[in-house]
Structure formats: C-alpha cells, structure tokens
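As a plain string of letters, each chain reads:
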Amino acid sequence: MSRFSNLGHRLYQGEVSFDFVGRRKLWYSISGVIVLVAAIGLAMGLHLGIEFKGGSVYTVTKPGLTVSQAQEKADQVTSSHPLVQSTDNNKIRIQVSTDEPKSSDEVRSQLAEKIGVPLDTVEAQVIGPSWGKQISDKAITGLIIFMVLVTVYLAIAFEWRMAVAALVALIHDLLITIGVYALVGFEVTPGTVIGFLTILGYSLYDTVVVFDTVKENTKGITKQNKRTYSEAANAGLNQTLVRSLNTTVVALLPVAALLFIGGGILGAGTLNDISLALFIGLAAGAYSSICVATPLLAQLKEEQPEMKALRKRVLQHRAAAAKAEAAGEVLADEVADEDQPAGMVGQRGRSAGTTRAKGRPSTKR
C-alpha cells in the first residue's frame, strides 16, 4: 500500500508519467470495439421487465418452495416461458407476459393447484404496458434534461470543448452499460434505470475532477514554450490517476458484493437489476474519464490556432535545446526553469535558440 501511495506522489510531482493523451488512438480503438460489441447486443434487443412491457405477476407463499420447483410448475400452467425469481421475504415471484392466452384468474387458480397451496396464498397483480411506457418516457426525459444541464454547466464552468468531451464520455458509458445488459440478458427494470442515471453522475464527477486539474495545469500555457497543451493535460491526468483508481475500487467493492454474492451465490435476483448497471457503469466511467474524455479534450484544444503555434514553438525550443546540448551549452530559459517542479508547467516564455546562459561552465567534457 505504501508503494502505491509513493507512486501517487511521484505521479503528482511528475517524476513518473503515463502517456495517456499521446496514445489516444489506441484508447479510441479499444472504445470503438467495446461500443461496437455493445451496439450489436443492443440491436439484439433488451430483455424488458414486466414494468415496461406489461403482464401479470403472481407471488406465491410456501415454505421450502425453490425457484426450480416453481419454474417447473409455472411452465406446466402457462404456454409462454415465465420468469421465476425468489424475493427477500422467502416468497416466489412469477412473471407472465401479456402473450399468455389464459386469464389472470385462470392462471392463479392453476398455479395454486399445481404448487399445492390455498388460492388465497397466491397474490396476483396485472400491469398494463401503458404504465411501463410512462416510466420509459419519464426516464428518457430525465436523461435528456440531465445531459443538457451537464453541457451548460461545463460550458460555463470550464469551456465548451470540455463540455463536448464530457458529454461524449457520458454517452460512451451509457452505451456500454446498456449493451452489456442486452448481451447478458439481464432484465431491465425501474431499478436498472436508476442504476443508469447513477453511473452518469459518477462518471461526470470523475471527469470534472480530472478537468479541474487540467485547467489548473494549462492556465497561461501559451506564455511558455516548454510544453504543449496535450503534455500539460496528460500531466494533470497523471496527478489525479491514483485518486481516480482508489475511488473506483472503493465504489466497486460493495457493488461487486451485491452482484456476485447477493445476486449470484445467494440467488437474490432482484439485486442484479441495479448492481450490474452500477458495476459496468462505474468501471466504464473510470476508463472514460482517463482514456476518452481527457485525450478528446486535448485533441479538440490542439486544433486551436494558438495551440498550434504553441506546439510549433515547443518543438523549435526542443530542437534548439538539443543543438545547444550537443554544443555543450545551456539555453537561458532552461537555467531559469530548472528548479521548477516537474509536474508543473513553466510560465517563462523566452524565445528558444537565441539566448544562451553565460558564466555557466560547459557540461561537455
């Protein structure tokens, strides 16, 4: 743990750096493949819960009744394959779609007979598809409002390029999460929608933290000739890297317990609705804030004329510094900035290649 903390300190000071921004084509390719697979899964269709497509829900109370036993009996009663789950109060929940030709009362009485329980211990609830449509419409409306408010906030607090990069990262996370849901065949319920909206908030939070550090690192960057915008943004990303990883791991641990232990081992299927969305979304959010949002921001900023001019000056300065080093001399601005922390951007902007330090002994032997 102390070694990991020391790595975080070295990253913040600039002693160690991972070139995330410079490898943006690699990250774009990885994201493209993942999103493509998710899109294929989404094209195959989501497994919508009964709250969205309508149907009937039958809750059976019988001590010792297992899910497999209830599934066998329900298959004998209904012509469509019903979904059977156990609830947290030791009851069995049987969902039957609207395609079932039998009436609700007929299915209820036959379930009671097959399972061997009194009729009054089988509760029936009929859900119309219109109610699910209302939930879907409200969820989409809430998502659109959320995206608009996020874009406006980031454009005001930072700039429009950061807003665009953050918005792309949010859509990236949402597509991946929904696509995984479609691929694994998990049922989409109102709890799933809550999970989707929650991960968007987390992804945005992580991205804003990185952007805030990038903003500080690039303040007045055009007044110097040591670093390009991409390099300064990458330094800011490295400074927040350990913090982002720590936050993600801490957030994933309880979600993983819900998903793999609660939903997988203990069989509490209702926990899967929100836990899978959170697990995939949290992981995708951490990845997108590091490998998608910041590299995309740097790419957009590098298209500005002043940033192109800065890159040209930086390259000229480095060429002059390399030439001076070969000649056993040191540029004056190298002397002035040599004591600056490695993680910070120098603010001195003397012209490269024209002035050399005097009174300093040559380093060449």
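Residues numbered from 1 in each chain as written. Predicted model: local features only at pLDDT ≥ 70, side-chain atom pairs only at ≥ 80, totals over all residues. Heavy atoms only, no water.

### A few points about the overall build of the chain
Of the regular secondary structure elements, the chain holds 13 helices and six strands. Among the 365 residues that make up the chain, the fraction classed as buried is 43%. Of the contacts formed within the chain by residues at least 6 apart in sequence, a portion of 75% connects residues at least 24 apart. Per element, the accessible surface of the chain, about 18,800 Å² overall, is 61% carbon and sulfur. (Helix = DSSP H or I, 4+ residues; strand = E, 2+ residues; numbered from the N terminus. Buried < 20%, exposed > 50% of the residue type's maximum accessible area, 1.4 Å probe, protein only. Contact = heavy atoms within 4.5 Å. Areas by Shrake-Rupley, 256 points an atom, 1.4 Å probe, with all protein chains shown as cover.)

### Thoughts on the layout of surface pockets
Here the largest pocket is characterised by a volume of approximately 340 Å³. Lining of the largest pocket is provided by 13 residues; of these, Ala 139, Ile 140, Ile 178, Val 193 and Phe 196 occupy positions nearest its centre. Contributing elements (two or more residues each) for the lining of the largest pocket: α6 (129–157), α7 (160–184) and α8 (190–217). With four residues, the top contributor of residues to the lining of the largest pocket is α6. (1 Å grid on protein atoms, 1.4 Å probe; cavity = no way out; pocket = protein on both sides within 12 Å on 5 of 7 lines; lining within 4 Å. Points joined across faces, edges and corners; volume = space filled by probe spheres on them.)

### Let's talk about the packing of aromatic side chains
Applying the stated criterion to the full structure yields three aromatic pairs. Both rings, one in Phe 20 and one in Trp 27, keep their centres 6.1 Å apart while their planes meet at 35°; by these two values the pair is tilted. The two residues Phe 20 and Trp 27 agree in class, both being buried. Counting every residue linked through ring pairs, the aromatic cluster contains Phe 18, Phe 20 and Trp 27. (Phe/Tyr/Trp six-rings, centres within 6.5 Å; stacked < 30°, edge-to-face > 60°.)

### Observations regarding the sheet that holds strand β3 (residues 83–86)
Read from one edge of the open sheet, four strands run β3-β4-β2-β5, paired in antiparallel fashion. The sheet is open, and its two borders are formed by β3 and β5 (122–127), each paired with just one other strand. On average, each strand axis in the sheet is tilted by 20° relative to the strand beside it, whichever way the strands run. Note: strand β2 (residues 55–60) against strand β4 (residues 92–97), six bridges, orientation antiparallel. From the neighbouring strand, Ser 56 faces β4, where its bridge partner is Val 96. Sheet contacts for helix α4 (residues 67–77): β3 and β4; angle to β3, the most-contacted strand, approximately 155°. This element, helix α5 (residues 104–115), spans β2, β4 and β5 of the sheet and lies at about 30° to β2. (Pairing = 2+ DSSP bridges. Axes fitted to C-alpha atoms, helices over the stretch in contact; angles between N-to-C directions.)

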